[in-house]
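Structural characterization, general
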Amino acid sequence: MLLNPRKIRRPRLLAVSSESLARSWSVPNPLLTHTELLEQAEWAAKSAAWFWNSRNLNASADAGDFELITRRINGGLNGLEEREAFYRKALSVLS
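Residues numbered from 1 in each chain as written. Predicted model: local features only at pLDDT ≥ 70, side-chain atom pairs only at ≥ 80, totals over all residues. Heavy atoms only, no water.

**Considerations on the overall build of the chain**
A count of helices and strands for the chain gives five helices and zero strands. By residue count, 21% of the 95 residues in the chain fall in the buried class. When contacts within the chain are restricted to residue pairs at least 6 apart in sequence, long-range pairs at least 24 apart make up 29% of them. For the chain, the computed accessible surface area is about 7,100 Å², with 54% contributed by carbon and sulfur atoms. (Helix = DSSP H or I, 4+ residues; strand = E, 2+ residues; numbered from the N terminus. Buried < 20%, exposed > 50% of the residue type's maximum accessible area, 1.4 Å probe, protein only. Contact = heavy atoms within 4.5 Å. Areas by Shrake-Rupley, 256 points an atom, 1.4 Å probe, with all protein chains shown as cover.)

Here it is, written out as structure tokens:
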């Protein structure tokens, strides 16, 4: 399982205001009023995809710049080693 529900018990909306999120999505967004939906895999994945795309993280990922990605996600380097380990594992599985 990719998502560990125990790690997302108290979801937050990616440290952005509800207004900002509402303006960035062109469809009605139930997350604005029901943040507990982030505990469900579908909504957790959609919010993660929105966050990733809204910060243009694909370019950094393509360049292998995990430090920049980690800074943009966490504001610091928390989790950098874990992200690099997941990346190495993914490469070994997909190669």
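There is more to say after this.
**Details of the packing of aromatic side chains**
Throughout the structure, instances matching the rule amount to one aromatic pair. Residues Phe66 and Tyr87 carry aromatic rings whose centres are separated by 4.7 Å and whose planes lie at 55° to one another, so their mutual orientation is tilted. One end of the pair, Phe66, is in helix α4 (residues 66-74); the other, Tyr87, is in helix α5 (residues 80-94), and 21 residues separate them in sequence. The buried category is assigned to Phe66, whose relative accessible area is 14%. It is Lys46 that lies over the ring of Trp43; its NZ or CZ is 4.5 Å from the centre. (Phe/Tyr/Trp six-rings, centres within 6.5 Å; stacked < 30°, edge-to-face > 60°. Lys NZ or Arg CZ within 6 Å of the ring centre and 35° of its normal.)

**Quick word on α4**
Regarding α4, the residues found buried are Phe66, Ile69 and Thr70. For α4, the angular spread of the buried residues around the axis is 100°, confining them to a single face. Residues of α4 that are buried sit in contact with α2 (41-54), α3 (57-62) and α5. Gly75 lies just past α4 and shows a positive phi near 80°. (Arc of directions from axis to C-beta.)

**Comments concerning the packing of α4 against α5**
Running from N to C, α4 and α5 cross one another at 125°; their axes reach a closest spacing of 10 Å. Compared by their axis directions, α4 and α5 come out oblique. Here α4 and α5 pass one another in a crossing that is right-handed. On α5, the residues that touch Phe66, Glu67, Thr70, Ile73 and Asn74 of α4 are Leu80, Arg83, Glu84 and Tyr87. (Axes fitted to C-alpha atoms, helices over the stretch in contact; angles between N-to-C directions. Parallel < 35°, antiparallel > 145°, perpendicular 65-115°, else oblique. Left-handed = near helix turned anticlockwise from the far one by under 90°.)

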